[in-house]
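# A structural walkthrough
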Amino acid sequence: MSNQEDRLKTLIGHAKEYGFVFPSSEIYDGLSATYDYGPYGVELKNNIRRYWWEAMTKLNENIVGLDAAIFMHPLTWKASGHVDAFNDPLIDNKDSKKRYRADVLLEEHIAKYEDKINKEVEKGRKRFAESFDEAQFRATNPNVKRSQDRIDAVEGRMKAALEANDLEALRQLIIDEEIKCPISGTANWTEVRQFNLMFATELGSVSGESSTIYLRPETAQGIFVNFLNVQKSARMKIPFGIAQTGKAFRNEIVARQFVFRMREFEQMEMQFFVKPGTEMQWYESWKAKRIAWHKALGITGEHYRFHDHIKLAHYANAACDIEFKFPMGFKELAGIHSRTDFDLSNHEKLSGKKLRYFDTETNESYVPYVVETSIGLDRMFLAVLSAAYEEEQIPAKDGSTEEGGVRTVLRIPAPLAPVKVAVLPLIKKDGLPEKARAIIDTLKLEHNCQYDEKDSIGKRYRRQDAIGTPYCITVDHETLKDGAVTIRERDSMAQERVPIEHLGRIVGDMVDLRGLLRKL
């Protein structure tokens, strides 16, 4: 088993043990690719959603919110192209009987060449030290050039096959590159077939084609059909955006890698309506804004990279992903897409209703272009969790309240942490529990707090580290005399004595979401 697989399994185990994520319907042996968020998972998820929502709607006076229904008129999905074009190219290995997305097999194959390049670059950096010129090294090193040539060749053939919907060419590329099934180790592949990802169901009591509706495969279409409703009621002028979070559903055949790819998932999307001809400047602007939102969390920049789409979706004239270095390698976390006027124009044609914006200053009427920013909330949850998880050796020290040995800590950014502060009486008698409860009463309206009196103080610290609590407050006998407590910081384990009356300000300064928003 690889280190990547080990780390992902460790994360999955930690998430279940500490109440972040459970397999859905586990008492019935679970349901593939569906998960339930536990007590700490739902708090982390809510905090990430709130950070996204407030960054969109509080910091941009020209962005407003929407919560559209999951069920929509079936013609919505005809207009959007999902009925005809929302397909994945699937291929089976005849020996393992496992099914894969053909494009993902090729992307993972390309990633191996990228890993080779990165290893060569690291060798060069160690060899040449301060005189190392990475750009020149990449341009001149024969091993790097050889790998880059292979990447360019595979990407070129892959793009041509996908754009032409040439499934045989896609299969031939997999065979030519000698890509093998990770399970069987063979290249005994079937033909490539297209599979539509939408879930269909019946509306009402009468079954038949006329009553077939779909679970939405994306949240964006609810925004598009409400474009004029929002624009007129909120008195918005172009450029403006509509933000929405909510569940979407895709019948993923190859659903795996924990909450990274699920059949029921949550999206956070914002559609930004602009004047035609200005979309590319807004596309670049939103690329910069979105990566800044991620980096404000303090997760190192090496975890992120932009990746331009090899094949553009049917609605786009430019598209890129923000990829994150998950335990299984760099994968798509978020996307920025220039969707042109595809959606509004198609809804206008199929519905017979005008979806145009009238500019009172120029007396122009036009169908706006759209720049979309989209992020998977579940993927962002996994990104935060995987970047935060750490095991570290703690030396035992005489007189310290910290216990020696290995501690597992989730270094979740404090404003996103499920529990912000734990209040711990040193012992559960002598009035210390009552004092600790009184402190919680002063903090709980502002912050999610936790009380714990079981086991030694060192073990309680470890439990809070494992769920990512940024601050622990310990109440001891001195507290009853001097009105001060010990506050312990999660990451450094540094402890400081502070007056109780200062706790609200101290904790607030450290965990307030506004601290993140000020960075944007």
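Our subject in this report is the structure included herewith.

Calculation notes
Residues numbered from 1 in each chain as written. Predicted model: local features only at pLDDT ≥ 70, side-chain atom pairs only at ≥ 80, totals over all residues. Heavy atoms only, no water. Buried < 20%, exposed > 50% of the residue type's maximum accessible area, 1.4 Å probe, protein only. Helix = DSSP H or I, 4+ residues; strand = E, 2+ residues; numbered from the N terminus. Pairing = 2+ DSSP bridges. Salt bridge = Lys/Arg side-chain N within 4 Å of Asp/Glu carboxyl O. Axes fitted to C-alpha atoms, helices over the stretch in contact; angles between N-to-C directions. Contact = heavy atoms within 4.5 Å. Left-handed = near helix turned anticlockwise from the far one by under 90°. Nonpolar A, V, L, I, M, F, W, Y, C, P; charged D, E, K, R; others polar. Expected span 1.5 Å × (residues − 1). Core = buried A, V, L, I, M, F, W, Y, C linked by side-chain atoms within 4.5 Å. 1 Å grid on protein atoms, 1.4 Å probe; cavity = no way out; pocket = protein on both sides within 12 Å on 5 of 7 lines; lining within 4 Å. Points joined across faces, edges and corners; volume = space filled by probe spheres on them. Arc of directions from axis to C-beta. Polar contact = N/O pair within 3.5 Å; in protein donor to acceptor, adjacent residues only side chain to side chain.

### Quick look at the pairing of strand β13 (residues 329-340)
Strand residues, when the strand is regular, have side chains that alternate between the two faces of the sheet. By the criterion of burial, β13 is predominantly enclosed, with 10 of the 12 residues buried. Where strand β12 (residues 318-326) meets β13, 9 bridges bridge the pair, whose relative direction is antiparallel. Bridge pairing in β13 places Lys-325 opposite Phe-330. Remark: 2 residues form the turn of the hairpin made by β12 and β13, two consecutive strands paired antiparallel. Strand direction decides the pairing type here: β13 and strand β16 (residues 369-376), joined by 6 bridges, are antiparallel. Paired with Ala-334 across the bridge in β16 is Ile-375.

### Observations regarding unusual backbone geometry
Glycine aside, residues mostly have negative phi angles, and peptide bonds mostly take the trans form. With an omega dihedral of 5°, the bond running from Ile-238 to Pro-239 counts as a cis peptide bond. Along the chain, Pro-239 falls in the loop between α10 (227-233) and β9 (240-249). The phi torsion at Asp-29 lies on the positive side, around 70°, for a residue other than glycine. For Asp-29, a relative accessible area of 78% corresponds to the exposed category. A positive phi angle is found at Lys-97, which is not glycine, with a value near 65°. Relative to the helices and strands, Lys-97 is located in the loop between β4 (87-92) and β5 (99-101).

### Overview of the pattern of salt bridges
Inspection of the entire model under this criterion finds 46 salt bridges. Note that Glu-134 and Arg-125 form a salt bridge whose closest N and O atoms lie 2.6 Å from each other. By relative accessible area, which is 31% here, Arg-125 ends up partly exposed. We note a salt bridge from Arg-488 to Asp-465, for which the minimum N-O separation is 2.7 Å.

### Re the sheet that holds strand β3 (residues 63-65)
If you walk across this open sheet you meet the 7 strands as β3-β9-β10-β16-β13-β12-β11, and the pairing is mixed. Each end of this open sheet is capped by a strand with a single partner; those strands are β3 and β11 (304-308). Taking the axes of each pair of neighbouring strands and ignoring which way they run, one obtains an average angle of 25° across the sheet. Lying on the sheet, helix α2 (residues 39-57) is in contact with β3, β9, β10 (264-274) and β16; it crosses β9 at an angle near 160°.

### Concerning the packing of α2 against helix α11 (residues 279-295)
Orientation of α2 relative to α11, taken along the N-to-C sense of each, is 145°, at an axis distance of 12 Å. Where α2 crosses over α11, the two elements pack in a sense that is right-handed. Contact residues: Ile-48, Tyr-51, Trp-52, Ala-55 and Met-56 in α2; Trp-286, Arg-290 and Trp-293 in α11. By residue class, the composition of the contact of α2 with α11 is 7 nonpolar, no polar and 1 charged.

### Observations concerning the sheet that holds strand β6 (residues 193-196)
Read across the sheet, 3 strands follow the order β5-β4-β6 without closing on themselves; strand pairing throughout is antiparallel. At either end of the open sheet lies a strand with only one pairing partner, and these are β5 and β6. If you compare each strand with its neighbour and ignore which way they point, the axes differ by 45° on average. Bridge count for β4 against β5 is 3 bridges, and the pairing is antiparallel. Looking at the pairing, Leu-90 lines up with Arg-101 of β5. Sheet strands touched by helix α5 (residues 102-128): β4 and β5. Its angle to β5, the strand with the most contacts, is close to 70°.

### Section: helix α13 (residues 377-388)
Between its first and last C-alpha, α13 extends 16 Å over 12 residues, near the 16 Å set by a 1.5 Å rise per residue. Taken across its 12 residues, α13 has 11 buried, putting it largely inside the fold. For α13, every residue scored as buried is listed here: Leu-377, Asp-378, Arg-379, Met-380, Phe-381, Leu-382, Ala-383, Val-384, Leu-385, Ser-386 and Ala-388.

### Re the nonpolar core
Judged by nonpolar contacts, the single largest core of 62 residues is most densely connected at Phe-20, Leu-44, Ile-48, Tyr-51 and Leu-416. Of all the elements, α13 adds the most residues to this core, at 8 residues. Setting aside chain neighbours within four positions, we find Tyr-51 in contact with Trp-293, Ala-296, Leu-297, Leu-416, Leu-513, Leu-516, Leu-517 and Leu-520.

### Thoughts on the layout of surface pockets
Its volume calculated, the second largest pocket comes out at about 390 Å³. Lining the second largest pocket we find 20 residues, and of these Arg-50, Glu-446, His-447, Asp-512 and Leu-513 sit closest to its centre. Looking at the lining of the second largest pocket, the elements with two or more residues in it are α2, α17 (503-511) and α18 (514-517). Top element by residues in the lining of the second largest pocket is α17. It accounts for 5 residues. Taken together, the residues that form the lining of the second largest pocket break down as 5 nonpolar, 5 polar and 10 charged.

### Concerning helix α7 (residues 142-163)
Given a rise of 1.5 Å per residue, 22 residues ought to cover 32 Å, and the 31 Å separating the end C-alpha atoms of α7 matches this to within 8%. Regarding α7, the residues found buried are Val-144, Ser-147, Ile-151, Val-154, Met-158, Ala-161 and Leu-162. Projected down its long axis, α7 shows its buried positions confined to an angular sector of 135°, all on one face. Summarising the contacts, the buried residues of α7 are in contact with β4, α5, α6 (134-140) and α8 (167-176). By the N-cap criterion, in which a side-chain oxygen at the helix start approaches the backbone nitrogen of a residue two or three places on, α7 is capped by Asn-141, the distance to Asn-143 being 3.0 Å.

### Quick word on the pairing of β9
Here β9 lies mainly inside the structure; 9 of its 10 residues are buried. As paired strands, β3 and β9 are joined by 3 bridges and run parallel to one another. Bridged to Ile-63 within β9 is Gly-241.

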